[in-house]
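# Results of the structural survey
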Amino acid sequence: RSDLTTPMLGDDALSERRLGYVAGVVPKADEVRFARAVWRASRGNTFTQFSPIEERVTDPKSGATVEKSVFVIYFQGAVGSMKDKVIKVCTAFGVNLYPWPSSPEQAAQKDAILRQHLAEKDRALGAYQALMRTEAADLVAASRTNPGGNSKIEDWRLFCVKEKAIYSILNCCEEGMALRVNVWYPAQEEGRIQAVLKDARESDPSGQGAFLNPDSGKWRSTPPTYIRTNEYTEAFQDVVDTYGIPRYQEANPALLAIVTFPFIFGMMYGDIGHGSLLLLSGLWLVRNAESLRHSQPVLFSARYLVLSLGFFATFAGFMYNDFFSVGLQLFDSGFEDKKGNGQFTPIYDVKNGGGPGPYPFGLDWAWHGASNELLYVNSLKMKLSVLFGVLQMIVGLLLRWSNALYERNLTDFIFECIPMMVFMLCFFGWMDVMILYKWTHPIDNAPNIINSLICMAMGQQDNFPLWDGSVELAQTLMKYTALSVPFMLFPKPFILLWQHNQAEKKKAAEGHHLMVDEEQAGSAGGGHGHGEEFEFGEIFIHQIIETIEYVLGTVSHTASYLRIWALSLAHQQLSLVFFQKTLTMGLEMSFPANGIMLYFMFAAWFGITLGVLLGMDVLECFLHTLRLHWVEFQSKFYKAGGEKFAPYNIPKLIETSSV
């Protein structure tokens, strides 16, 4: 009967006792926190069920791929405050809520609809991806007319780069009947520029073109510095430019650094074997330069620098007669063990009396393995370091002379350059003379150079002169050294003060004043253009600092060149230790173990050589050579306050944008 199926209390009588539910997806890592929050919010009147999703899914909000779980929260009552509390918790956790089917039939129907939608979207996505692959292949493929050229998208990119650069240049022009712009150009290139512009005008059917009107008037701004380089000198110029760009017409230290930089590096790294490996690396870089131009631009630009470092390191290795810590018997030794007891005596004329000469080239191989080898070689390399250091600093002062003469600044030349050279030559130049004299002249009671310099500086009596009258000469040179300091300190500030006063008197005598319209123009321009005020106190303090810095800096810089000796000693001793602890140990083993272990020992020796001596030691010597040039050498003359000449160059612009 139909009456039995009808609820006695009506259709909605049991609505409050029905189970309500909320379903969604929550990150797997938040399951525990989420369940606890729902439990507390509902005061335990809910039941939460989780079902993990096997595959990782993409979060539609963050786009990240995470592990998630499906959750269903059951509670009493399909509607009401409980459902609102659960939804608030879900909103706070930011979970994704989805409608939950109320019957198996609805679930099956929803599943079929979702699968159909998913299949349609997969087909659409596949078609879109195929279209994108086709378009991308067309963009990255080379042109049909130029198979070896750039791709279409690369041509578009380069076109945008060029157009942007062109419009940037056009923004610098002044508008009018014709575009006008002020440019700098090398004076030697003026004829070539005029010829190019003339050809462009003649080839244009409309007769339009550009004209170059040279302006030989007074500079409105400081000209940029243009230094012409080639593939070999470019790397050395980059080393100098890293410190600073030379001022316009300032002496460029890169001209000398082409020789001095690899030479000093060779003095530190001198070894025939290691230098040859570095030289071969440089030759390989030069030979494969084109393949490295775009893939390894740093190695490409440094290829000739590496080649020069390897050449001079090999040359210094021959001078030191050091081949992987082994001396080469290139010539007959100048020593002989006559009694066979290990006591070698010279067989050449040690008195320079016209007899047989010493070892013809470099260091005699008999010194290798001698008990006093380290003492002799250290003394030799220490003196060589000081000799070349003082020589390089003197060359730096000569370049300071050239800057002062070119700028026609007699004040700097007379009261800075000359006293600086006197200070350098009278003390440190005298030290070099003492070293060379002791090498070339046999002396029975040879003086200690350090003690002689102390006696010279302190005014004490030196009881071991180099020759008769050398002590008196040293005392005279010390007086000139002391007198050069006040010449550097006092005259220049007072001369600048006198020149300033004379200029002010000249302006007053000529009636230096502005007309009314000129005053208005000057006030509109933001000032009268007189420059900075003359402050005698600041100039005098600056001169004191310059003098102290030069005097103390010359002493410290001379000592700093001893790093050449220190690094050369470290390199030689490391090479010796690596050789003794690997190859020598393998050779000293008994047969047949020595033949087997020698292969492993050679592998260990070669690996250490590559990692330490051809890796870290090359970098260490390079950095110390860089410091000697930047600080000890360039500080004598180099101001580095210029601006590099950077002409508009489309090929270079494209090459730079492609790196």
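Residues numbered from 1 in each chain as written. Predicted model: local features only at pLDDT ≥ 70, side-chain atom pairs only at ≥ 80, totals over all residues. Heavy atoms only, no water.

## What to know about the overall build of the protein
- A tally of regular secondary structure across the protein gives 21 helices and eight strands.
- Taking 659 residues into account, the globule formula puts the C-alpha radius of gyration at 26 Å, and the protein, at 42 Å, lies well above it.
- For the protein, the spread of C-alpha atoms along the principal axes amounts to about 150 × 105 × 65 Å.
- Considering the protein as a whole, with its 659 residues, one finds that 31% of them fall into the buried category.
- A fraction of 72% describes how many contacts in the protein between residues 6 or more apart in sequence connect residues 24 or more apart.
- For the protein, the accessible area works out to roughly 42500 Å², and carbon and sulfur atoms hold 60% of it.
- Averaging the coordinates of the 55 positive side-chain charges in the protein and doing the same for the 67 negative ones gives two points 8 Å apart. (Helix = DSSP H or I, 4+ residues; strand = E, 2+ residues; numbered from the N terminus. Rg over C-alpha atoms; globule rule 2.2 N^0.38 Å. Buried < 20%, exposed > 50% of the residue type's maximum accessible area, 1.4 Å probe, protein only. Contact = heavy atoms within 4.5 Å. Areas by Shrake-Rupley, 256 points an atom, 1.4 Å probe, with all protein chains shown as cover. Lys, Arg positive; Asp, Glu negative; His and termini not counted. Charge placed at Lys NZ, Arg CZ, Asp CG, Glu CD.)

## Details of the packing of aromatic side chains
- Counted under the stated rule, the structure contains 35 aromatic pairs.
- Through successive ring pairs, a cluster of aromatic residues spans Tyr243, Trp630, Phe633, Phe637 and Tyr638.
- A cation over a ring is seen here: Arg303 above Phe300, with NZ or CZ 4.1 Å from the ring centre.
- Over the face of the ring belonging to Tyr320 we find Lys381, whose NZ or CZ atom lies 4.3 Å from the ring centre. (Phe/Tyr/Trp six-rings, centres within 6.5 Å; stacked < 30°, edge-to-face > 60°. Lys NZ or Arg CZ within 6 Å of the ring centre and 35° of its normal.)

## Some points on the packing of helix α12 (residues 373-406) against helix α20 (residues 593-633)
- Taken N-terminus to C-terminus, the directions of α12 and α20 make an angle of 50°; their axes are 10 Å apart at the nearest point. Put simply, α12 runs oblique to α20. Seen from above, α12 lies across α20 with right-handed handedness. Within the contact between the two elements, α12 uses Gln392, Met393, Val395, Gly396 and Leu399 and α20 uses His629, Glu632 and Phe633. (Axes fitted to C-alpha atoms, helices over the stretch in contact; angles between N-to-C directions. Parallel < 35°, antiparallel > 145°, perpendicular 65-115°, else oblique. Left-handed = near helix turned anticlockwise from the far one by under 90°.)

## Concerning the nonpolar core
- Counting residues in each nonpolar core, the largest one holds 65 residues, and the members touching the most others are Phe261, Phe265, Val390, Met424, Met431, Leu453 and Met456.
- The element contributing the most residues to this core is helix α13 (residues 410-440), with 12 residues.
- Here Phe261 is in contact with Phe236, Val239, Leu305, Leu309, Phe622, Thr625, Leu626 and His629, once residues within four sequence places are set aside.
- Core analysis: the second largest hydrophobic core is formed by 12 residues, Val26, Phe34, Ile73 and Phe75 among them. (Core = buried A, V, L, I, M, F, W, Y, C linked by side-chain atoms within 4.5 Å.)

## So, the side chain of Thr225
- Checked against the element boundaries, Thr225 lands in the loop between α5 (190-203) and α6 (233-243).
- A distance of 2.5 Å separates the side chain of Thr225 from the backbone oxygen of Pro246, its partner in a polar contact.
- Within polar-contact distance, the side chain of Thr225 engages the backbone nitrogen of Tyr248 at 3.5 Å. (Polar contact = N/O pair within 3.5 Å; in protein donor to acceptor, adjacent residues only side chain to side chain.)

## What about the environment of Val395?
- Inspection of the secondary structure puts Val395 in helix α12.
- A C-alpha to C-alpha distance of 9.7 Å links Val395 and Phe637, two positions 242 residues apart in sequence.
- Excluding residues within four positions of it along the chain, Val395 makes contact with Leu256 and Phe633.

## Structural notes on the sheet that holds strand β5 (residues 68-76)
- Judged by pairing direction, the sheet is antiparallel, and its four strands sit side by side in the order β2-β5-β1-β6 without closing on themselves. Both outer strands of the open sheet, β2 (46-52) and β6 (96-98), are each paired with one neighbouring strand and no more. Here the strands of the sheet are splayed against their neighbours by 25° on average, with no regard to which way each runs.
- In the sheet, strand β1 (residues 19-27) pairs with β6 via three bridges, with the strands oriented antiparallel. (Pairing = 2+ DSSP bridges.)

## A few points about the pattern of salt bridges
- Within the structure shown, the criterion is met by 17 salt bridges.
- One salt bridge in this structure joins Glu416 and Arg400, with 3.2 Å as the shortest N-O distance. Here the residue Glu416 occupies a position in helix α13, and Arg400 occupies one in helix α12, the gap between them amounting to 16 residues.
- Here Glu416 falls in the buried class, since its relative accessible area comes to 6%.
- Look at Arg400 and you get buried, because its relative accessible area is 12%.
- The partner of Lys492 in a salt bridge is Glu416, and the shortest N-O contact between them spans 3.1 Å. Of this pair, Lys492 sits in helix α16 (residues 491-509) while Glu416 sits in helix α13, and the two are 76 residues apart along the sequence. Across the pair, exposure class does not vary: Lys492 and Glu416 are buried alike. (Salt bridge = Lys/Arg side-chain N within 4 Å of Asp/Glu carboxyl O.)

## Thoughts on the pairing of β5
- Both β1 and β5 contribute to a ladder of nine bridges, which runs antiparallel. Bridge pairing links Val22 to Ile73 in β5.
- Bridge analysis of β2 against β5 gives seven bridges, and the strand direction is antiparallel. Counterpart to Ser51 in the pairing with β5 is Val70.

## Focus on the packing of helix α7 (residues 254-269) against α12
- Contact geometry of α7 with α12 gives a least axis separation of 12 Å together with a crossing angle of 165°. Classified by the angle between their axes, α7 and α12 sit roughly antiparallel to one another. Taken as a pair, α7 and α12 cross one another with a handedness that is left-handed. Contact residues: Leu256, Thr260, Phe263, Ile264 and Met267 in α7; Leu384, Ser385, Phe388, Gln392, Val395 and Leu399 in α12.
- Classifying every residue of the contact of α7 with α12 by side-chain character gives eight nonpolar, three polar and no charged. (Nonpolar A, V, L, I, M, F, W, Y, C, P; charged D, E, K, R; others polar.)

## Points about the side chain of Asp322
- Topologically, Asp322 is positioned in the loop between α11 (303-320) and β7 (335-336).
- At a separation of 3.0 Å, a polar atom in the side chain of Asp322 contacts the main-chain amide nitrogen of Ser325.
- Those residues in contact with Asp322 that sit more than four places away from it in its chain are Gly270, Asp271, Ile272, Gly273, Gly317, His368 and Gln572.

## Section: the confidence of the model for the protein
- Put simply, the protein has an average pLDDT of 87, and 93% of its residues get 70 or more.
- Overall, residues 512-531 carries pLDDT values under 50, and its contacts beyond four positions in sequence, including any with other chains, amount to five contacts. (pLDDT = per-residue confidence, 0-100.)

## Points about helix α18 (residues 536-560)
- Across its 25 residues, α18 extends 34 Å between first and last C-alpha, which sits within 8% of the 36 Å expected from 1.5 Å per residue.
- Approximately 30° is the largest bend angle found in α18, and it occurs at Gly553.
- If you check which residues of α18 are buried, you get Gln543, Thr547, Tyr550, Val551, Gly553, Thr554, His557, Thr558 and Ser560. (Expected span 1.5 Å × (residues − 1). Bend = angle between axes of the 7 residues up to and from the residue.)

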